[in-house]
Every structure is written in C-alpha cells, then in structure tokens.
Amino acid sequence: MIVNGVGHPTTRDHRRLLSDYLRHDCGLTGTHVGCEHGVCGCCTVLLDGAPVRSCLMLAVQAEGHEVTTIEGLAADGAALHPVQQAFHEMHGLQCGFCTPGFVLSVVGLLNQHPDPTAEQIDEGISGNLCRCTGYASIRRAVKRAAELSR
Ligand code: FES
Ligand code: FES
C-alpha cells in the first residue's frame with residue numbers, strides 16, 4: 001500500500017489491524033489508538049482521501065490504496081497543513097491525544113464540504129471523542145481551517 005506517498009510492503013499477518021501496521025510496522029505512531037473498537041476516532045486515517053478508523057480495518061484491506069496519516073500532512077520543518085494551523089490558532093487541542101484523528105476527520109470533511117455548515121461540522125466530527133476541549137474550540141478550528149484552505 002502507499003502510505004504518505006511511499007510504498008510499503010505487504011504484511012504477512014493477514015489479521016494485523018491497519019492501526020497496528022501503521023504504528024508498529026511503518027513506525028508512524030502519530031496514529032493513536034484508544035478504544036480499539038471504533039468508538040473514539042483517534043485512530044482515524046485517510047483512505048484515498050476519506051476518513052476511516054484504522055482499528056476497524058485489516059492492513060490487507062488497504063492494499064492497493066493510498067493511506068494518509070498525520071505524518072503525511074506536513075513534512076518536518078515545513079509549514080503546517082491549514083487544518084493543523086487552524087487547530088493551533090483556535091486552541092482546538094489540549095492533551096492532543098485525540099488530535100491526529102480530529103485533524104484527519106476535518107481534512108476529510110473539508111474535502112467533501114469546503115465551506116461546511118454548522119450541521120456539517122457537527123456531523124463531520126461526530127465520530128471523534130475529545131475529553132479536554134468541550135468541542136467549541138474544535139468547531140471554531142474547523143471554520144478557521146475552511147478559511148485557510150480557500
Ligand atoms: S482506537 Fe479506533 S476508534 Fe478508538
Ligand atoms: S485534546 Fe485531550 S482528548 Fe482531545
């Protein structure tokens with residue numbers, strides 16, 4: 001599969017979760033793992049540009065597809081991706097554990113709705129849980145990200 005633009009070898013363990021493959025085989029530990037049963041959203045990555053929960057997918061299911069993790073949004077030392085910049089500006093994070101999943105969900109949301117309504121924002125982030133921020137600042141960050149992306 002292609003991960004952040006780089007080809008990666010097939011796993012021989014057909015039961016390996018995509019989240020474990022990314023973290024342990026690719027060393028991309030920005031993909032966080034919380035609940036491991038599809039509830040918290042912190043393992044969210046993009047599969048061909050659409051958000052998916054990597055704890056609910058097998059790595060072999062991603063073969064032939066392009067996966068984007070949080071490490072793939074901006075190179076080290078480069079400018080932040082607009083969604084990352086917006087979370088920074090609007091204080092859309094505190095501990096940061098949920099943040100990679102939120103950021104990738106928002107990238108997917110803005111791919112689909114470049115100027116999202118309040119309802120679309122709520123729906124777009126409804127699969128991600130945050131224990132710290134209370135969501136108001138995350139909603140503001142999504143609006144700001146839409147502005148920065150224009
Ligand atoms: S770790 Fe995948 S949804 Fe929680
Ligand atoms: S910033 Fe701490 S869980 Fe979201």
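Calculation criteria
- Residues numbered from 1 in each chain as written.
- Chains lettered and ligands numbered in written order.
- Predicted model: local features only at pLDDT ≥ 70, side-chain atom pairs only at ≥ 80, totals over all residues.
- Heavy atoms only, no water.
- Salt bridge = Lys/Arg side-chain N within 4 Å of Asp/Glu carboxyl O.
- Helix = DSSP H or I, 4+ residues; strand = E, 2+ residues; numbered from the N terminus.
- Buried < 20%, exposed > 50% of the residue type's maximum accessible area, 1.4 Å probe, protein only.
- 1 Å grid on protein atoms, 1.4 Å probe; cavity = no way out; pocket = protein on both sides within 12 Å on 5 of 7 lines; lining within 4 Å.
- Points joined across faces, edges and corners; volume = space filled by probe spheres on them.
- Nonpolar A, V, L, I, M, F, W, Y, C, P; charged D, E, K, R; others polar.
- Polar contact = N/O pair within 3.5 Å; in protein donor to acceptor, adjacent residues only side chain to side chain.
- Pairing = 2+ DSSP bridges.
- Axes fitted to C-alpha atoms, helices over the stretch in contact; angles between N-to-C directions.
- Parallel < 35°, antiparallel > 145°, perpendicular 65-115°, else oblique.
- Left-handed = near helix turned anticlockwise from the far one by under 90°.
- Contact = heavy atoms within 4.5 Å.
- Expected span 1.5 Å × (residues − 1).

*Asks:* Now, about the pattern of salt bridges: what can you tell me, with residues and values included?
*Replies:* Tallied over the entire structure, the rule returns 5 salt bridges. A salt bridge links Asp115 to Arg150; its shortest N-O distance comes to 3.0 Å. Linking Asp115 in the loop between helix H3 (99-112) and helix H4 (118-125) with Arg150 in the segment after helix H5 (136-149), this pair joins segments that are 35 residues apart in sequence. Both residues of the pair, Asp115 and Arg150, belong to the exposed class. Note that Arg139 is salt-bridged to Asp122, the shortest N-O span being 2.6 Å. With a gap of 17 residues between them, Arg139 in helix H5 and Asp122 in helix H4 connect regions that are remote in the sequence.

*Asks:* Describe the layout of surface pockets, listing the residues and the values that go with them.
*Replies:* For the largest pocket, the calculated volume is near 240 Å³. Along the lines of polarity and charge, the residues of the lining of the largest pocket split into 10 nonpolar, 1 polar and 1 charged. Its boundaries defined by the atoms lining it, the second largest pocket holds a volume of some 210 Å³. What lines the second largest pocket is a set of 14 residues, and nearest its centre among them are Leu109, Gln112, Gln120, Glu123 and Gly124. Taken together, the elements giving at least two residues each to the lining of the second largest pocket come down to strand E4 (50-53), H3 and H4. Looking at side-chain class alone, the lining of the second largest pocket contains 3 nonpolar, 9 polar and 2 charged residues.

*Asks:* Now, about the side chain of Thr44: what can you tell me, with residues and values included?
*Replies:* With respect to the helices and strands, the residue Thr44 is situated in strand E3 (residues 44-47). A relative accessible area of 3% means that Thr44 is categorised as buried. From its side chain, Thr44 meets the backbone oxygen of Gly41 in a polar contact 2.5 Å long.

*Asks:* Outline the pairing of E4, listing residues and values.
*Replies:* When a strand is regular, its side chains alternate between the sheet's two faces. Examined bridge by bridge, E3 and E4 share 4 bridges and lie antiparallel to one another. Across the sheet, residue Thr44 finds its bridge partner in E4, namely Arg53. Hairpin remark: E3 followed by E4, antiparallel, with 2 residues in the connecting loop; positive phi at Asp48, about 50°.

*Asks:* Describe the packing of H3 against H5, listing the residues and the values that go with them.
*Replies:* Between H3 and H5, whose axes approach to 11 Å, the crossing angle comes to 50°. One element, H3, and the other, H5, form an angle in the oblique class. Along this stretch, H3 crosses H5, giving a crossing that reads as right-handed. Every residue of H5 that contacts H3 at Phe102, Val106, Leu109 and Leu110 is listed here: Ile138, Val142, Ala145, Ala146 and Ser149. Counted by class, the contact of H3 with H5 contains 8 nonpolar, 1 polar and no charged residues.

*Asks:* So what about H5? Which residues, and what values?
*Replies:* Helix length check: H5, at 14 residues, gives a terminal C-alpha distance of 20 Å against a target of 20 Å (1.5 Å per residue), a fit within 8%. Of the positions making up H5, those classed as buried are Ser137, Ile138, Ala141, Val142, Ala145 and Ala146. At its buried positions, H5 is contacted by helix H2 (82-89), H3 and H4.

*Asks:* Tell me what's going on with the packing of H2 against H3, and back it up with residues and numbers.
*Replies:* The interhelical angle for the contact between H2 and H3, taken along N-to-C directions, is 125°, at an axis separation of 9 Å. The orientation of H2 relative to H3 falls into the category oblique. Where H2 crosses over H3, the handedness of that crossing is right-handed. Packed against H2, whose contacting residues are Val83, Gln84 and Phe87, the element H3 presents Thr99, Phe102, Val103, Val106, Val107 and Leu110 at the interface. Among the residues making up the contact of H2 with H3, the classes are represented as 7 nonpolar, 2 polar and no charged.

Don't take any of this as a statement about function, it's just geometry.
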